[in-house]
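Architecture and fold: a report
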Amino acid sequence: MNEIKNLQANKMASQTTEEEVAIKACTQYKSKNVEKSIEECVGLIGGFKKYIGDAKNILLKPNLLSPSRPELAVTTHPVFVEAMTRLVKRNARPDAVITIADSPGIATLHTEKDLIRLYNQCGYPGFADIENVKLNLDERHFPVSFKQGKLLKKFEVIKPAIDADIIINLPKFKTHSLTKITGAVKNMFGIIYGREKTLLHTKFMDIGKFCDMLLDIYQFKIPVLNIMDGITGLEGEGPGASGKPRNAGIILASSSAIALDNVMASIMGFNSEDIPIILSAKKRNITGWDSNYIKILGGQIKDFIIDDYKLPRNSAVGKISSNRFINAFILPFVRNNLSVSPYQNQEKCTMCRICIEICPEKAIKSRDSVLVFDYKECIRCYCCSEMCPEGAIDLNYSWFGNLIFREKKIK
Ligand code: SF4
Ligand code: SF4
């Protein structure tokens, strides 16, 4: 275990350390193929045993954002997670216990009842019977202190994340309307207990601060390994059902979540220097932010780039709001007039009221079957879009934003 801890401590070293990201093509969720592809991918960066070591309590942390069918590509695919449990079992000590856990997005409570509903909807129950593998039903969560945190020094963490000797992070290849991408670093937001996530959205409204907060959570318990399900990704207005599934046909693996996100962003067609989480990592000099110090294994990155991957509409606004002066003085204007805003898609909306309940600013009301948004109160966190099970929140520019961005290629 000391060896693993040292490995993680080295991630804080200055950016002269080269990180490795392995990429492997895999186009379908066929159980044996996925298992073989993951094994080969991790093999390129040293193999499972190097990372698992002698760990007894192993947490697999998929992206289980919301109760969502696997084909919608909102959550880490069950075939991917099942393949991972087999691989980890084969490479871990015989008495190792593997727990699969996540605290879903704010519309799903962290209760046994809601977790069962989540697993059922996401197609996870099939592998719960494997010996020493368990789907977490423990509702407990505890406050933790993290004095090294830059912005976040105390937070509530779910029990399996506290108990784990090591975490293997299993993010999904997805765009995000607020942070542009939601990959390996942001996936660790799910170790935070349920609705505390809403409060953190309100507390850290500025995108730079929000990403700094995400880095604090990531550094509280750095995963030893990050393996990304990019077989089918999500493009457009992710990370929820407002995004669209898109075959990306890849699996990525790295011991550095930052490097993995950096490579994922490049494959999607972003300039990784425009990604807020990468910028935050750069400011802290956490390895992986600099593409020049990332070694790609398994091919050349240009062979994997998807030219027409659809990026979130808000991508163009980020170029403006990353400017410090504008962040400080113009942000309210930017937020209200240039950022995309949520609108109800009445054809899809079932009036389930989830968005009304989870909105951290209470900026949504209902009048008959119409949702009324208070755009002065709305902080553009896009939790409503993220949590809407029907993909019924459209994110569109105001007339002024349209004027500015309509001709602009969002890259
Ligand atoms: S927009 Fe979505 S979350 Fe909101 S009420 Fe309609 S279906 Fe429910
Ligand atoms: S209306 Fe939607 S985007 Fe606006 S604050 Fe509420 S949840 Fe966030």
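Scroll up to find the structure.
Structure report, in brief. (Residues numbered from 1 in each chain as written. Chains lettered and ligands numbered in written order. Predicted model: local features only at pLDDT ≥ 70, side-chain atom pairs only at ≥ 80, totals over all residues. Heavy atoms only, no water.)

**Here's the deal with helix α2 (residues 31–44)**
Over its 14 residues, α2 extends 20 Å from the first C-alpha to the last, a length consistent with the 20 Å expected when each residue adds 1.5 Å. All of the buried residues along α2 are V34, E35, S37, I38, C41 and V42. Buried residues in α2, looked at end-on, bunch into an arc of 165 degrees, giving them a common side. Exposed residues on α2 whose side chains face more than 90 degrees from its buried face are K32 and K36. Elements that come into contact with the buried residues of α2 comprise β1 (19–25), α3 (48–52), α4 (78–91), β10 (225–236) and β11 (243–254). (Helix = DSSP H or I, 4+ residues; strand = E, 2+ residues; numbered from the N terminus. Expected span 1.5 Å × (residues − 1). Buried < 20%, exposed > 50% of the residue type's maximum accessible area, 1.4 Å probe, protein only. Arc of directions from axis to C-beta. Contact = heavy atoms within 4.5 Å.)

**With respect to unusual backbone geometry**
Each neighbour pair has its own omega, and for G238 with P239 the value is 15 degrees, a cis peptide bond. Along the chain, P239 falls in the loop between β10 and β11. Of note in the backbone geometry, A73 takes a positive phi value of approximately 65 degrees without being a glycine. By the secondary structure assignment, A73 is in the loop between β2 (57–62) and α4.

**Side note on the nonpolar core**
Among the nonpolar cores identified, the biggest contains 74 residues, and F173, M213, L252, I258, I267 and I277 are the most heavily contacted of them. Per-element tally for this core: the top contributor is helix α10 (residues 257–268), with 9 residues. Each of domain 1 (2–303) and domain 2 (315–405) gives at least three residues to this core. Setting aside residues up to four positions removed in sequence, L252 forms contacts with V21, A22, I23, C41, F173, N226, I227, M228, L260, V263 and I267. By size, the runner-up hydrophobic cluster in this structure holds 43 residues, among which are I45, L60, V81 and I168. (Core = buried A, V, L, I, M, F, W, Y, C linked by side-chain atoms within 4.5 Å. Domains from an automatic or database assignment.)

**A look at a positive patch on the surface**
Taken together, the side chains of K244, K310, R313 and K348 make up a positively charged region of the molecular surface. A relative accessible area of 37% places K348 in the partly exposed class. (Patch = residues over 30% accessible without salt bridge, like charges linked within 9 Å, V, L, I, M, F, W, Y side chains within 5 Å. Areas by Shrake-Rupley, 256 points an atom, 1.4 Å probe, with all protein chains shown as cover. Salt bridge = Lys/Arg side-chain N within 4 Å of Asp/Glu carboxyl O. Lys, Arg positive; Asp, Glu negative; His and termini not counted. Charge placed at Lys NZ, Arg CZ, Asp CG, Glu CD.)

**Re the site of ligand 2**
Around ligand 2, the surrounding shell consists of C359, P360, I364, F373, C378, I379, R380, C381, Y382 and C384. Within the shell around ligand 2, the residues separate by chemical class into 9 nonpolar, no polar and 1 charged. (Near = heavy atom within 4 Å. Nonpolar A, V, L, I, M, F, W, Y, C, P; charged D, E, K, R; others polar.)

Read these as layout, nothing more, since geometry by itself doesn't imply function.
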